[in-house]
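Inside the fold
Listed below are the residues making up each chain.
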Amino acid sequence: MPPPGARNRFPLDLLHTNDGAMLTNSVDDASDAGRPSGQNGEPRLEIHEEGSALSCRLSGAWNTRTVAKVDARMRKLEAQNSLQHVGLDLSGITSLDTAGAWLIERLVYAHQSRGVEVELTGESEAARILLPAVREAVVQDGEAKPRPKGSIIINTLERIGRAMYEARDDIVYGAHILGATIGGAQMKLGRTHAINPAAIVSQIDRMGVGAVPIIVLMSAIVGAIIAQQGAFQLRYFGAEIFVVDLVGILILRELGVLMTAIMIAGRSGSAITAEIGSMKMREEVDALTVIGLNPVGVLVFPRLVALMVGVPCLTIVANFAALGGAMLIAWLYSGIPPEAFIDRLRDSIDLSTIFAGLIKAPFMALIVGIIASIEGMKVGGSAESLGNHVTASVVKAIFVVIVVDGLFAIFYAAIDF
Amino acid sequence: MVLIDEQRETQTGETRDVVLSVRDVTVGFGDTVVLDGLSLDVYRGEILGFVGASGSGKSVLLRTILGLIRKRSGMIRLLGQDLDKANDEQRLKVDMRQGVLFQHGALFSALTVLENIQVPMREYLDLPRALMDELAYLKLELVGLPRTAAPKFPSELSGGMIKRAALARALALDPDIVFLDEPTSGLDPIGAAEFDELVGKLRDTMGLTVYMVTHDLDSLLTACDRIAVLGGKRVLVDGTVDDMLACDDPWVKAYFRGKRARQIDRSARG
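Residues numbered from 1 in each chain as written. Chains lettered and ligands numbered in written order. Predicted model: local features only at pLDDT ≥ 70, side-chain atom pairs only at ≥ 80, totals over all residues. Heavy atoms only, no water.

By the naming in an unreviewed UniProt entry, chain B goes by ABC transporter ATP-binding protein and is assigned to Nitratireductor aquimarinus. Quoted verbatim from the Sequence similarities (unreviewed entry) heading of the UniProt record, the comment on chain B is "Belongs to the ABC transporter superfamily." (UniProt positions renumbered as here; feature names shortened; annotations may be inferred.)

Below you can see the structure in the form of structure tokens.
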């Protein structure tokens, strides 16, 4: 229960709740304490038409809360173009604010610009102040022309063109990050040894060591699932022992590194984008440049190095975990004892199988790190843009990781590795 | 906001309409008491300048009035409504009649300027789309922003434009009272003077009551009708610039008669 005088206010909730409309209706008729009488009540519009002369009597409350009720009728009056003389009697208006004044002045301006004589009577002092105050805005609104909308074909082509240019920019910027990373952190002083070991070690701790538990758990489960499914199918052929070959080759060549890369893209890629992006939002990246440091060298380099060291290590961990999970399931489900599993594994795989997987790990690390950094550097000024780029970072990184894994498979097949 | 003839008369008359009344309010965090038995009145149609040393609790008082910080004791009546006794619906009615300009604008960064202004309208009023656009443009015009600023995002605006856009959002529902938290901080003297002029003009056209927390001596001198000084956990003194100069409190003396205030001193005497 909220304490007296305090309340929870989440402004962004305002953007999405639908409760507002319901509350609005009750506001008009309830009595407002502290506000002079006459504030509430309907705005009224009485129209008398005699030939080409129109006379209107406006009464009631004409304010922000009530004008919606007469807006349509006022617009209809504006559109009448057979008139010579318009008379507006404002004496019955009990309350007027800028919104009410806007409706009245809009009508006046529409007729005056057509050369119709408009006569105002019974303005209150408030009206005398408010009407001229909104006049300027009315004139500008009349002059402003709506922007022409393009056709569907042009819009589609425009979107494709923009996507192409964006893809090109991504590739160019990726090359820039790679180059600047090799170039190092310092920009102006010409010092060559600018590697900060502390930053790299702390990043390895966060992105590598921190990811060990989840990667072990995930890999063990995936290894176990593959072993169970494989054993189940191979049982029909009486070849259950071959589940060891299946699991060994699949995990060491493909799955260990792929699962690790996907997990790192989700875990560390998003963090890199968010970190660099929020630094970009608060001009910290600009501050680095002004101090004479290369933002890519300072921010991206340690993370990239940490990933290049961390992902291969995590891949080894993932391989062991997955094989461990598979071994357990092979023992419990198929009755293959661990000694037999290891014996069989020694026969079925060799060093090249292990390296076929491990060689991919640094490339995956590079892809995740570079895509995350590019997206981080592209963050603009708003919270929404940060969210968009974090999403884009993870989605693009996972997509490219899988595509590159496919390219490696084709390459290995071609060279018979 | 409302502008009615009878109200204009009371403003010049003896009995003044109290819009905001703060009585014996105490606010504290943990062991520290920030405000202790503070009382303050704000009258309809005036511009009240609120000053005090950094850390004296100006923002705490503002946030307490707005209901963002809970108070330990005391009473706050805003627009005739005791905020402690208000139920949600009454509270909402008060919300609809107040506008707030936060120190850094607090514009929603994901929305354009025009959409920012329309947020309160969209929530509270049932306006047709076209009219809502027109009224938002009208508010832009009133705060002196060009129409070209409407489709821009807050990150694309200069500091002065952000303040104006935030003021336009505060005015979206034509409030009775607006709270301005350091509206001229971070603006150049010319921009600040323009902003002061704008606040005065809006007060005159829309009949606003303005509660302004500020450190800007020029604003206090040119824009404000009345000045209240916060010190020692309560309002030390309130009144016109002359009252401030006559005050014996060392902080008030230092503030209004210090080096940076010499010109005010001179012009007030001259």
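Once that is clear, we can look at the nonpolar core. Formed by 87 residues in total, the largest nonpolar core has its most connected members in Leu58, Trp62, Leu88 and Ile104 of chain A together with Ile227 and Phe256 of chain B. Formed by 42 residues, the second largest nonpolar core is a distinct cluster that contains Ile215, Ala261, Leu288 and Leu314 of chain A. (Core = buried A, V, L, I, M, F, W, Y, C linked by side-chain atoms within 4.5 Å. Buried < 20%, exposed > 50% of the residue type's maximum accessible area, 1.4 Å probe, protein only.)

Take the sheet that holds strand 4 (residues 73–78) of chain B next. Sheet strands associate in pairs through backbone hydrogen bonding, adopting either a parallel or an antiparallel arrangement. All names here are of chain B. The four strands lie next to each other as 2-1-4-5, forming an open sheet whose pairing is antiparallel. Each edge of the sheet is formed by a strand with only one pairing partner; in this case those strands are strand 2 (32–43) and strand 5 (81–82). Examined bridge by bridge, strand 4 and strand 5 share two bridges and lie antiparallel to one another. Residue pairing for strand 5: leucine 78 is matched across the bridge by glutamine 81. The strands touched by helix 2 (residues 58–65) within the sheet are strand 1 (18–29), strand 2 and strand 4, with strand 1 carrying the most contacts at an inclination of about 115°. (Pairing = 2+ DSSP bridges. Helix = DSSP H or I, 4+ residues; strand = E, 2+ residues; numbered from the N terminus. Contact = heavy atoms within 4.5 Å. Axes fitted to C-alpha atoms, helices over the stretch in contact; angles between N-to-C directions.)

Another aspect to go through is the environment of glutamine 228 of chain A. All names here are of chain A. With respect to the helices, strands and loops of the structure, glutamine 228 is situated in helix 7 (residues 212–234). Residues glutamine 228 and alanine 326 lie 98 residues apart in sequence; the distance between their C-alpha atoms is 7.8 Å. The contacts of glutamine 228, once residues within four sequence positions are left out, are Ile329 and Tyr333.

Averaged over all residues, the pLDDT of chain B is 82; the fraction at 70 or higher stands at 90%. Here residues 1–14 of chain B scores under 50 on pLDDT; set against residues more than four positions off or in separate chains, the count is 36 contacts. (pLDDT = per-residue confidence, 0-100.)

Residues and elements named next belong to chain A. Judged by side-chain polarity, Leu351, Phe355, Ile359, Phe363, Phe411, Ile415 and Phe417 come together as a nonpolar surface patch covering roughly 680 Å² of accessible area. Mapping leucine 351 onto the fold places it in helix 12 (residues 351–358). With a relative accessible area of 58%, leucine 351 lands in the exposed category. (Patch = residues over 30% accessible without salt bridge, like charges linked within 9 Å, V, L, I, M, F, W, Y side chains within 5 Å. Areas by Shrake-Rupley, 256 points an atom, 1.4 Å probe, with all protein chains shown as cover. Salt bridge = Lys/Arg side-chain N within 4 Å of Asp/Glu carboxyl O.)

Okay, the packing of aromatic side chains next. Counted by the stated rule, this structure contains eight aromatic pairs over all chains. Members of the aromatic cluster, joined through ring pairs, are Phe363, Phe408, Phe411 and Tyr412 of chain A. The ring of tyrosine 137 of chain B carries arginine 147 of chain B above its face, with NZ or CZ at 4.0 Å from the centroid. In this structure, arginine 169 of chain B is placed above the aromatic ring of phenylalanine 108 of chain B, and the distance from its NZ or CZ to the ring centre is 4.7 Å. (Phe/Tyr/Trp six-rings, centres within 6.5 Å; stacked < 30°, edge-to-face > 60°. Lys NZ or Arg CZ within 6 Å of the ring centre and 35° of its normal.)

This next bit is on the pairing of strand 8 (residues 209–213) of chain B. Residues and elements named next belong to chain B. Counting buried positions along strand 8 yields five of five residues, so the element is predominantly enclosed. What you see with strand 8 is no split at all: Thr209, Tyr211 and Val213 on one side and Val210 and Met212 on the other are buried throughout. Looking at chain direction, strand 3 (residues 47–52) and strand 8 are connected through four bridges and run parallel. When the sheet's bridge partners are listed, phenylalanine 50 is paired in strand 8 with valine 213. Summarising the sheet, strand 7 (residues 177–181) and strand 8 pair through five bridges and their orientation is parallel. From the neighbouring strand, phenylalanine 179 faces strand 8, where its bridge partner is tyrosine 211.

This part is about the confidence of the model for chain A. All names here are of chain A. Overall, the prediction assigns chain A a mean pLDDT of 83, with 86% of residues at 70 or greater. Per-residue pLDDT, averaged within each element of chain A, yields its smallest value for helix 1 (residues 19–29) (37) and its largest for helix 7 (95). Per-residue pLDDT stays below 50 along residues 1–38; that stretch engages in 65 contacts with residues further than four places along the chain or on separate chains.

Take the sheet that holds strand 4 (residues 117–121) of chain A next. All names here are of chain A. Pairing in this open sheet of four strands is mixed, and the strands run 1-2-3-4 from one edge to the other. The outermost strands of the open sheet, each flanked by one partner alone, are strand 1 (43–50) and strand 4. Direction aside, the axes of adjacent strands within the sheet are offset by 15° on average. Judged from the five bridges that link them, strand 3 (residues 85–96) and strand 4 form a sheet pairing that is parallel. Paired with aspartate 89 across the bridge in strand 4 is threonine 121.

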